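Each chain, letter by letter, is given below.
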Amino acid sequence: MRDDPQVVALVVKARKGEQDAWDDIVERYSPLVWSICLRYRLSNADGLDVAQTVWLRLVEHLAELREPAALPGWIAMVAQRECLRQYRVSRRRQDSEQVLDVDLKDDTAVVHEEVERAQRALALRTALADLPEYCRTLLTCFLSETPMSYAQISETLGVPIGGIGPQRARCLARLRRSPLLSGFSEDD
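Residues numbered from 1 in each chain as written. Predicted model: local features only at pLDDT ≥ 70, side-chain atom pairs only at ≥ 80, totals over all residues. Heavy atoms only, no water.

Participant: Explain the overall build of the protein chain here, please?
Facilitator: Check the secondary structure of the protein chain and you find eight helices and zero strands. For the protein chain, the succession of helices and strands along the chain, N to C, is α-α-α-α-α-α-α-α. Counting only residues that meet the buried cut, the protein chain has 39% of its 188 residues in that class. A fraction of 66% describes how many contacts in the protein chain between residues 6 or more apart in sequence connect residues 24 or more apart. Total accessible area on the protein chain stands at roughly 11700 Å², and carbon and sulfur atoms take up 52% of it. (Helix = DSSP H or I, 4+ residues; strand = E, 2+ residues; numbered from the N terminus. Buried < 20%, exposed > 50% of the residue type's maximum accessible area, 1.4 Å probe, protein only. Contact = heavy atoms within 4.5 Å. Areas by Shrake-Rupley, 256 points an atom, 1.4 Å probe, with all protein chains shown as cover.)

Right, here's the structure in full:
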């Protein structure tokens, strides 16, 4: 797991009771919690319960966290335990004999994978936000749920269609050079 100084700083600030740090922690790690909830196929209501419990446990135990950089793994493990507990409660409530469709044998590897994926996504979002506005706008045109055509991008940005590809390549190269992404290889 990466020893991220931003995570350490957030933990230190949150321990001091700084609301902005708590807000940043929740914003940063909510996707991780939700991805674990999705793995357990929890309903939205059950997922909300799990997320609320994870944040409550963090408030209760943040002072006991020996290694601040371990926060993502700690959140993932608590989320996983709460998902399993919530799943069992839901199953009892439904009085059903359906089998849990999650392989729990190698949870550690799955948790590490989920944490790494969340860290990579956060680093990418942060690096994208650090790009100049034009690059952010151009790349966002390609990243939307329904990517825009070159003609639409040309009209939106006022750029000739033939210039979009080279500009996109320059913006992507700039994004790849971001120090925020240096800890992640393309093979990860």
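Still to come is the rest of the account.
Participant: Just checking my understanding: could you explain the packing of helix H6 (residues 133-143) against helix H7 (residues 150-157) for this structure?
Facilitator: Helix-helix packing is described using two parameters, namely the angle between the two axes and the distance between the axes. Closest axis-to-axis distance for the H6/H7 pair is 10 Å, and the angle between their directions is 150°. With respect to their mutual orientation, H6 and H7 come out roughly antiparallel. Along this stretch, H6 crosses H7, giving a crossing that reads as right-handed. Contact residues: H6 offers Tyr134, Thr137, Leu138, Cys141 and Phe142, while H7 offers Tyr150, Ile153 and Leu157. Residues belonging to the contact of H6 with H7 are distributed by class as follows: seven nonpolar, one polar and no charged. (Axes fitted to C-alpha atoms, helices over the stretch in contact; angles between N-to-C directions. Parallel < 35°, antiparallel > 145°, perpendicular 65-115°, else oblique. Left-handed = near helix turned anticlockwise from the far one by under 90°. Nonpolar A, V, L, I, M, F, W, Y, C, P; charged D, E, K, R; others polar.)

Participant: Would you mind showing me how to read the packing of aromatic side chains here?
Facilitator: Geometry of an aromatic ring pair is reported as the spacing of the ring centres plus the angle between the planes. Counting across every chain of the model gives one aromatic pair. The ring of Phe142 carries the charged tip of Arg168 above its face, separated from the ring centre by 4.3 Å. (Phe/Tyr/Trp six-rings, centres within 6.5 Å; stacked < 30°, edge-to-face > 60°. Lys NZ or Arg CZ within 6 Å of the ring centre and 35° of its normal.)

Participant: I would appreciate a short explanation of helix H2 (residues 19-39) in the present structure.
Facilitator: In an α-helix, one full turn covers 3.6 residues, which means residues spaced three or four apart are oriented alike. Over its 21 residues, H2 extends 30 Å from the first C-alpha to the last, a length consistent with the 30 Å expected when each residue adds 1.5 Å. Along H2, the sharpest kink reaches roughly 45°, centred on Tyr29 and followed within four residues by the proline Pro31. At the exit of H2 stands Arg41, carrying a positive phi of roughly 55°. (Expected span 1.5 Å × (residues − 1). Bend = angle between axes of the 7 residues up to and from the residue.)

Participant: Can you help me understand the environment of Ala79 in this one?
Facilitator: In this structure, Ala79 sits in helix H4 (residues 71-94). When its relative accessible area of 0% is taken as the criterion, Ala79 is described as buried. Ala79 sits 26 residues away from Thr53 along the chain, and the two C-alpha atoms are 8.3 Å apart. Aside from chain neighbours lying at most four places away, what touches Ala79 is Val33, Ile36, Val50 and Val54.

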